Structures are given as C-alpha cells and as structure tokens.
Amino acid sequence: RDSLRQSSLSAIRHHERSRQLYERKRQEGQRHNAAVACLARTRLNVLFPVVKTGALYSEDYPTVA
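As the structure is a prediction and not an experimental result, all values here were calculated from the model.

The rules behind these values
- Residues numbered from 1 in each chain as written.
- Predicted model: local features only at pLDDT ≥ 70, side-chain atom pairs only at ≥ 80, totals over all residues.
- Heavy atoms only, no water.
- Helix = DSSP H or I, 4+ residues; strand = E, 2+ residues; numbered from the N terminus.
- Rg over C-alpha atoms; globule rule 2.2 N^0.38 Å.
- Axes fitted to C-alpha atoms, helices over the stretch in contact; angles between N-to-C directions.
- Parallel < 35°, antiparallel > 145°, perpendicular 65-115°, else oblique.
- Contact = heavy atoms within 4.5 Å.
- Nonpolar A, V, L, I, M, F, W, Y, C, P; charged D, E, K, R; others polar.
- Expected span 1.5 Å × (residues − 1).
- Buried < 20%, exposed > 50% of the residue type's maximum accessible area, 1.4 Å probe, protein only.
- Arc of directions from axis to C-beta.
- Core = buried A, V, L, I, M, F, W, Y, C linked by side-chain atoms within 4.5 Å.

Q: Which parts of the structure should I look at to understand the overall build of the protein chain?
A: Scanning the protein chain for helices and strands turns up three helices and zero strands. Order of helices (α) and strands (β) in the protein chain, N terminus to C terminus: α-α-α. Its C-alpha radius of gyration of 12 Å places the protein chain within 12% of the 11 Å reference for a compact globule of 65 residues. Principal axes of the C-alpha set define a box for the protein chain whose edges measure 35 × 25 × 20 Å.

Here is the structure:
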C-alpha cells in the first residue's frame, strides 16, 4: 500500500496525466490524501491487467472519470 502511495506522489510531480487527475480531484473538493488515494487506485487499475496478462503497458489506457 505504501509503495502505491509513494509512486503516486512521484507521479504527481513527474507525470502529466497523473498530475491532471490529482488536480481534478482536488478541484472537486477532495483533500490531498483522498486525491492521492484515488490516483493510487487508478494506477492499480492500470497495472493489474498488465501484470495479470503480461501485456506491455501503453500510455493510451482508458481515462477513468
């Protein structure tokens, strides 16, 4: 769990789409920790099928609203 949080915090600083999701959640009124948790869950939703199927990661994953 902590590794997902740490990777999400890093992604907020270095990955544009992750930063956009974080900022959108903050504008919706979520606190910092809740927005980071949402980003971590979104990242997990992308990583799980990659690990499960062995498929290569693609930046063109569907955007979660």
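Q: Before we go on, may I ask you to explain the packing of helix 1 (residues 2-14) against helix 3 (residues 32-53) in this structure?
A: Relative orientation and spacing of two packed helices are given, respectively, by the angle between their axes and the distance between those axes. In the contact formed by helix 1 and helix 3, the axes pass within 9 Å of each other and the chain directions differ by 100°. Put simply, helix 1 runs roughly perpendicular to helix 3. Contacts between helix 1 and helix 3 involve Leu 4, Arg 5, Ser 7, Ser 8, Leu 9, Ala 11 and Ile 12 on the former and, on the latter, His 32, Asn 33, Val 36, Leu 39, Ala 40, Arg 43 and Leu 44. Partitioning the contact of helix 1 with helix 3 into residue classes produces eight nonpolar, four polar and two charged.

Q: Mind showing me how you'd approach helix 2 (residues 16-27) here?
A: An α-helical turn contains 3.6 residues, so a residue and the one three or four places further along point in the same direction. Taking 1.5 Å per residue as the helical rise, helix 2 with its 12 residues ought to reach 16 Å, and the 16 Å between its terminal C-alpha atoms agrees with that figure. Within helix 2, the full set of buried residues consists of Ser 18, Leu 21, Tyr 22 and Lys 25. In an axial view of helix 2, the angular spread of the buried residues amounts to 95°, which keeps them on one side of the axis. Looking at the buried positions of helix 2, the neighbouring elements they touch are helix 1 and helix 3. Looking one or two residues past helix 2, Gly 29 carries a phi angle of roughly 105°, positive in sign.

Q: Teacher, can you tell me more about the nonpolar core here?
A: The nonpolar side chains of a soluble globular protein tend to be buried with one another. Counting seven residues, the largest nonpolar core is built from Leu 9, Ile 12, Leu 21, Tyr 22, Ala 35, Val 36 and Leu 39. At the level of elements, helix 1, helix 2 and helix 3 are the ones that each hand at least two residues to this core. For this core, the element with the most residues is helix 3, which contributes three residues.

Q: Teacher, can you tell me more about the packing of helix 1 against helix 2 here?
A: One can describe the packing of helix 1 onto helix 2 by two numbers: an axis separation of 6 Å at closest approach and a directional angle of 105°. As far as their axial angle goes, helix 2 and helix 1 are roughly perpendicular. On helix 2, the residues that touch Ala 11, Ile 12, Arg 13 and His 14 of helix 1 are Glu 16, Ser 18, Arg 19 and Tyr 22.

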